[in-house]
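# Residue-level structural notes
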Amino acid sequence: MSKFRQVTGCMRSNALTILSVLGVLSGGILAVILRYARDGRYTQREIAYVMFPGDLFLRMLKALIIPLIVSSLISAIGSLDLKMSGKIGARAVAYYMSTTCCAVVLGIILATSIRPGKGGNVDEISRPTQGARPTTTPDLLMDLVRNLFPPNLIQACIAQYKTVLVPPTDEQFLAAMNATEGPINKTAIPLSEWRMKYEIEPSTNILGLVVFALVLGITLGKMGPKGKPLLDLFSCLSEAFMIITSWVIHLSPIGVLFLVTAQMLEMESFEVIVGQLGMYFLTVMLGLFTHGFIVLTSMYFLITKRMPFQFIGNMAEALATAFATSSSTATVPVALACLEDKNGIDPRVTRFVMPIGATINMDGTALYEAVAALFIAQVRGISLTLGNIIAISITSTAASIGAAGIPQAGLVTMVMVLDTVGLPAEDVTLILAVDWFLDRFRTFTNVLGDSLGAGIVNHLSKKDLSEMPPPQQFVTIPPMANPDDFTLEMEKELNGMAVTTAERSQPAEDVWQSTSM
């Protein structure tokens, strides 16, 4: 009987986790049943009907991204002194860079040993009709740096800066034709000679908001008592949005189920995954599995001296959400709740590390871009030198940082990797048929890496954090009919904060100053 109670108790405490995982599996099964229940394809409207519950869930998560990330970062950094913030930040960045480099190296090793594109033919692989946006590596890198410093914070919430290359006009084309004294086409004119135009792309500038939150958090921490009222405001906002997140998380099983079902119904055909791009798909999947469940878990075990399985199990809701939404940024609210409530990670670490990790730590994207570049070169029959491979590893690392946590952002930065080794940007369409599916596994790996990184940084910073005051706890007292009960509860709270009778007799302003020291 006691064992039965233990099992039922375990299932009750992990009910949401189990339901979230079942939501992913059920969504896949339901999609297969619906696809083979009729001969023709489902229309866009029919898929939209299936997608509707999942779309509502995704909208709720996205609504929490900006207020939660900004308030959490500011409150976490502001509650730490500058030296402690530097230590935690240095440990987090060292972890991010080491894991990203490991992912790129692993992807290059797998792609060169398995050679998924060997014997392939560009003409045999079906590709979508739309081409890749023409761009250059310097433009992408400069856009990345520009977006770090948004001129308008309100605009950064809904848009980010983008450089667009305008094709040559007929006059420029004729001038180039006369200069070469022969027939050419417009694509033969170098992209560096195309006219540059600057546009505002409708997409949240997470990088810029993170930089702003970092600077404001450090400033409030240096201001001391003067900055405490504003710091308390952001701390209260962070707690409030974490409570709202806990409400939204309860909808995750339903949302995940319909998101997965709709995306699989939208896929052209299952045969593409096991046919034309089968070896490429398996190579990326093998790399993501090896990096996520061998490299990252081994790193966690060696540093913390703890087995990572329970830690990963407690992150199941966040990982299921990552798979369903294919957005590491949208998963931040769920991941924060799992890390703090189930894994017991210090909020000062999670709310510092996770927003930054969701922005710059893209292990899965880095691995995918390295494999994709080598795959395209192999399909083209191009032999890459050691210098080319090193260039791919460097640009894949930089490009993964530029992929700002949004679905399929890796396709844009993939152009930069191809441009580095002289491969045509249009070849990015060769992998579009399976990219949407691989994007979910890449996001899964990214969120897993961010979460394990938070656990590692928390372990390394435990001694330093113990020497600091605990994070501020907001006390909520339920409404009481009897004023004496209210007074008694307040006295208990004040006694817990070591407020003496003499201090309680001081004016309210003096009591505030003494309790906030």
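Residues numbered from 1 in each chain as written. Predicted model: local features only at pLDDT ≥ 70, side-chain atom pairs only at ≥ 80, totals over all residues. Heavy atoms only, no water.

Another point: the overall build of the protein chain. Counting its secondary structure elements, the protein chain contains 24 helices and two strands. Within the protein chain, buried positions represent 48% of all 517 residues. Within the protein chain, counting contacts between residues at least 6 apart in sequence, those at least 24 apart form 84% of the total. (Helix = DSSP H or I, 4+ residues; strand = E, 2+ residues; numbered from the N terminus. Buried < 20%, exposed > 50% of the residue type's maximum accessible area, 1.4 Å probe, protein only. Contact = heavy atoms within 4.5 Å.)

Once that is clear, we can look at the UniProt feature "transmembrane region" (unreviewed entry) in the protein chain. As recorded in UniProt, the feature "transmembrane region" (unreviewed entry) lies at residues 15-37, 57-80, 92-114, 203-221, 233-260 and 280-303. The distance from the first to the last C-alpha atom of residues 233-260 is 38 Å, and the span holds 93% helix and 0% strand. (UniProt positions renumbered as here; feature names shortened; annotations may be inferred.)

Now for the pairing of strand β1 (residues 160-166). Among the seven residues of β1, six are classified as buried, and the element is accordingly described as predominantly covered. Relative to strand β2 (residues 195-201), β1 runs antiparallel, the two sharing seven bridges. Bridge pairing links V164 to K197 in β2. (Pairing = 2+ DSSP bridges.)

Looking now at the pattern of salt bridges. Enumeration according to the criterion identifies 12 salt bridges in this entry. Among the ionic pairs, E199 bridges to K197, the shortest N-O distance being 3.4 Å. When its relative accessible area of 28% is taken as the criterion, E199 is described as partly exposed. In this structure, the salt-bridge partner of K342 is E317, at a minimum N-O distance of 2.4 Å. A residue pair is termed long-range when its members are at least 10 positions apart, and K342 in the loop between α15 (332-341) and α16 (347-360) and E317 in helix α14 (residues 316-325) qualify at 25 residues. (Salt bridge = Lys/Arg side-chain N within 4 Å of Asp/Glu carboxyl O.)

For I390, the position within the fold is in helix α18 (residues 386-402). Along the backbone, I390 and V105 are 285 residues apart, and their C-alpha atoms lie at a distance of 9.5 Å.

Moving on, we come to the confidence of the model for the protein chain. When pLDDT is averaged along the protein chain, the result is 78; 78% of the residues meet or exceed 70. Between the elements of the protein chain, mean pLDDT differs from a low of 40, seen in helix α23 (residues 501-504), to a high of 93, seen in helix α12 (residues 278-304). Counted against residues more than four places away or in other chains, residues 473-484, with its pLDDT under 50, gives 11 contacts. Here residues 497-517 is modelled with pLDDT under 50, and outside its nearest four sequence neighbours on either side it reaches 13 contacts, counting other chains as well. (pLDDT = per-residue confidence, 0-100.)

This paragraph deals with the nonpolar core. Counting residues in each nonpolar core, the largest one holds 115 residues, and the members touching the most others are L73, I88, Y280, M315, F352, V353 and L452. The greatest single-element share of this core, amounting to 13 residues, is contributed by helix α3 (residues 44-78). Those residues within four positions of M315 in sequence are excluded, and the remaining contacts are A335, C338, L339, N343 and S451. (Core = buried A, V, L, I, M, F, W, Y, C linked by side-chain atoms within 4.5 Å.)

Our focus in this paragraph is helix α2 (residues 15-36). For the α-helix, the turn length of 3.6 residues means that residues three or four positions removed from each other point alike. The end-to-end C-alpha distance of α2, which contains 22 residues, comes to 31 Å, matching closely the 32 Å that a straight helix rising 1.5 Å per residue would cover. Within the sequence span of α2, burial applies to L16, T17, S20, G23, V24, G27, G28, A31 and R35. Viewed along the axis of α2, the buried residues span an arc of 135 degrees, placing them on a single side of the element. Of the residues in α2, the exposed ones pointing more than 90 degrees away from the buried face are I29, I33 and Y36. (Expected span 1.5 Å × (residues − 1). Arc of directions from axis to C-beta.)

On to the side chain of N205, then. Of note, N205 is situated in the loop between β2 and α8 (206-223). Ignoring sequence-local partners within four residues, the contact set of N205 consists of N147, P150, A156, A159 and Q160.

This part covers the packing of aromatic side chains. Applying the stated criterion across every chain, the model contains nine aromatic pairs. Judged by centre distance (5.2 Å) and plane angle (75 degrees), the ring pair of F323 and F441 falls under edge-to-face. Linking F323 in helix α14 with F441 in helix α20 (residues 432-460), this pair joins segments that are 118 residues apart in sequence. Classification of F323 as buried rests on a relative accessible area of 12%. Residue class for F441 comes out partly exposed when judged on its relative accessible area of 23%. The structure contains a cluster of three or more aromatic residues connected by ring pairs, namely F281, F323, F437 and F441. R38 extends its terminal NZ or CZ atom over the ring of Y42, reaching a point 4.4 Å from the ring centre. For R442, the ring lying beneath its charged end belongs to Y368, and the centroid distance is 3.8 Å. (Phe/Tyr/Trp six-rings, centres within 6.5 Å; stacked < 30°, edge-to-face > 60°. Lys NZ or Arg CZ within 6 Å of the ring centre and 35° of its normal.)

This next bit is on a nonpolar patch on the surface. Where nonpolar side chains cluster on the molecular surface, the patch consists of M11, I18, L19, V21, L22 and L25 and spans about 520 Å² of accessible area. It is α2 that contributes the most residues to the nonpolar patch, five residues altogether. One can find L22 in helix α2. (Patch = residues over 30% accessible without salt bridge, like charges linked within 9 Å, V, L, I, M, F, W, Y side chains within 5 Å. Areas by Shrake-Rupley, 256 points an atom, 1.4 Å probe, with all protein chains shown as cover.)

It is worth spelling out unusual backbone geometry at this point. The phi torsion at R115 lies on the positive side, around 50 degrees, for a residue other than glycine. Position of R115 relative to the elements: it lies in the loop between α4 (82-114) and α5 (137-148). Owing to a relative accessible area of 40%, R115 belongs among the partly exposed residues under this scheme. With a phi angle near 50 degrees, S326 is a residue other than glycine that sits in the positive phi range. Within the secondary structure layout, S326 lies in the loop between α14 and α15. Residue class for S326 comes out buried when judged on its relative accessible area of 7%.

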